[in-house]
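Coordinate analysis (summary)
The chain contents come next:
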Amino acid sequence: MQRGAPTTTGFPFTFPSAEKNPNPPLKKISAPHMHLEMLDLLAPALVDKDRARVLDVGSGSGYLVACLYKLVAERGGEVVGVEKHAPLARRSLESLRRVVPEALESGRVRVGAANVLAQGALERDDELFVGGGGAGGQKKSSKSPSRPLPSSSEGGGEEEEDNRRKFDAIHVGAAAARLPQALVDALKPGGRMVIPLGPEGGNQVLSVIDKSRDKSGGFTKKDLLGVRFVPLTEPGKDKHGGL
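Note that the structure is a prediction, hence the values are computed from the model and not measured.

**A look at the overall build of the protein chain**
Across its full length, the protein chain carries seven helices and seven strands. Shown N-terminal to C-terminal, the secondary structure of the protein chain runs as helices and strands in the order α-β-α-β-α-α-β-α-α-β-α-β-β-β. Counting the 243 residues in the protein chain, one finds 50% classified as buried. Across the protein chain, contacts joining residues at least 24 apart in sequence account for 57% of those joining residues at least 6 apart. If you sum the accessible surface of the protein chain, you get close to 11,900 Å²; carbon and sulfur atoms cover 50% of it.

So this is what it looks like as structure tokens:
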């Protein structure tokens, strides 16, 4: 697959190169086979589930956001993409408008600029992902919700509201030095996260985290294969100026 050429879905793969841009926010994207691997691992948590919510951390080009939306669209699901580089978030929205315009219009696909490791980042959903200065240029549609769409459970109360803000599946496209507890907490009971773990430039492993179905907050971790990903950086420590 050549960069700059459209895929079969019409999604463009065009990024600033290191030669033309001395401070590029993105030098690498995951290989197509890794995208397929991630989708295959996340599918069991999403297929046949009504109104599933998915979080894509390090959404970059937005390609996987579009693929994930295709998995959950038929049953009213939604996908939230988080990219720490605001220019990339804006560019991905341009591409997504060409591929899944109806999803953006309805609010079922949203992309925002944030660092998920920042304290409370995933709790400020409206500010980061729908509108405002942190949303990577995404305009709030008149049809989009003012908060995340409810999942299969309806009703009031703090517990139901907390559940609405959590995710059935989380994809992380950068390697964390250690498993981020904030992302584990963001999973619904029975949810699944796929995340590379390990130090920058060192041994990394692709891991699957399955949250227990009860309310204990427990989880299991399964290591699958060796990988090499860019690092999931702490806030303020990105050398390319990300959040």
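**Structural notes on the environment of Tyr69**
Counting through the fold element by element, Tyr69 comes out in helix 2 (residues 63–72). Once the C-alpha coordinates of Tyr69 and Val80 are considered, the two residues, 11 residues apart in sequence, prove to be 9.4 Å apart. The contacts of Tyr69, once residues within four sequence positions are left out, are Gly77, Val79, Val100, Glu102, Ala103, Arg108 and Val109.

**Remarks on the sheet that holds strand 5 (residues 187–197)**
Judged by pairing direction, the sheet is mixed, and its seven strands sit side by side in the order 3-2-1-4-5-6-7 without closing on themselves. At either end of the open sheet lies a strand with only one pairing partner, and these are strand 3 (109–113) and strand 7 (219–227). Neighbour-to-neighbour, the strand axes of the sheet open up by a mean angle of 15°, direction not taken into account. Pairing analysis gives five bridges linking strand 2 (residues 78–83) to strand 3, with the strands arranged parallel. Note that in strand 3 the partner of Gly81 across the bridge is Val111. Packing of helix 2 onto the sheet brings it into contact with strand 1 (53–57), strand 2, strand 3 and strand 4 (167–172), and relative to strand 2 it is tilted by some 165°. Helix 3 (residues 86–99) rests against strand 2 and strand 3 of the sheet, and its axis sits at about 160° to strand 3.

**Topic: the side chain of Ser207**
Looking at the secondary structure, you find Ser207 in strand 6 (residues 204–211). Here the side chain of Ser207 touches Asp223 through a polar contact of 2.7 Å, side chain to side chain. Among residues more than four places away in sequence, those in contact with Ser207 are Met193, Val194, Ile195, Leu197, Lys221, Lys222 and Asp223.

**Some thoughts on helix 3**
Taking 1.5 Å per residue, 14 residues should reach 20 Å; helix 3 reaches 20 Å between its end C-alpha atoms and fits that length. Within helix 3, the full set of buried residues consists of Leu88, Ala89, Ser92, Leu93, Ser95, Leu96 and Val99.

**Digging into helix 2**
The buried fraction of helix 2 is high, at eight of 10 residues. Within helix 2, burial applies to Tyr63, Leu64, Val65, Ala66, Cys67, Leu68, Tyr69 and Val72.

**Some details on the side chain of Asp168**
With respect to the secondary-structure elements, Asp168 resides in strand 4. Among the polar contacts made by the side chain of Asp168, one reaches the side chain of Lys188 at a distance of 3.4 Å.

**Some words on the environment of Arg213**
Tracing the sequence through the fold places Arg213 in the loop between strand 6 and strand 7. Along the sequence, Arg213 and Lys188 sit 25 residues apart, while their C-alpha atoms lie 8.2 Å from each other. Setting aside chain neighbours within four positions, we find Arg213 in contact with Pro189 and Gly190.

**A short note on the confidence of the model for the protein chain**
In this model, the protein chain carries an average pLDDT of 76, and 67% of its residues clear a pLDDT of 70 or more. For the stretch residues 1–9, pLDDT sits under 50, and the model shows 19 contacts to residues farther than four places along the chain or on other chains. Taken as a whole, residues 13–24 scores under 50 in pLDDT and shows 26 contacts with residues more than four places along the chain or in a different chain.

**Things to note about the pattern of salt bridges**
Within the structure shown, the criterion is met by eight salt bridges. A salt bridge links Lys221 to Asp223, with the shortest nitrogen-to-oxygen separation between them at 2.8 Å. Asp223 sits in the partly exposed class, given a relative accessible area of 43%. Through salt bridges with shared partners, one network takes in Asp48, Asp50 and Arg75.

**Points about the pairing of strand 2**
In the case of a regular strand, side chains alternate between the two sheet surfaces. Taken across its six residues, strand 2 has six buried, putting it largely inside the fold. In the sheet, strand 1 pairs with strand 2 via five bridges, with the strands oriented parallel. From the neighbouring strand, Arg53 faces strand 2, where its bridge partner is Glu78. This β-α-β element, strand 1 to helix 2 to strand 2, shows right-handed connectivity.

Definitions and cut-offs
Residues numbered from 1 in each chain as written. Predicted model: local features only at pLDDT ≥ 70, side-chain atom pairs only at ≥ 80, totals over all residues. Heavy atoms only, no water. Helix = DSSP H or I, 4+ residues; strand = E, 2+ residues; numbered from the N terminus. Buried < 20%, exposed > 50% of the residue type's maximum accessible area, 1.4 Å probe, protein only. Contact = heavy atoms within 4.5 Å. Areas by Shrake-Rupley, 256 points an atom, 1.4 Å probe, with all protein chains shown as cover. Pairing = 2+ DSSP bridges. Axes fitted to C-alpha atoms, helices over the stretch in contact; angles between N-to-C directions. Polar contact = N/O pair within 3.5 Å; in protein donor to acceptor, adjacent residues only side chain to side chain. Expected span 1.5 Å × (residues − 1). pLDDT = per-residue confidence, 0-100. Salt bridge = Lys/Arg side-chain N within 4 Å of Asp/Glu carboxyl O. Right-handed = clockwise from strand over helix to strand, strands pointing away.

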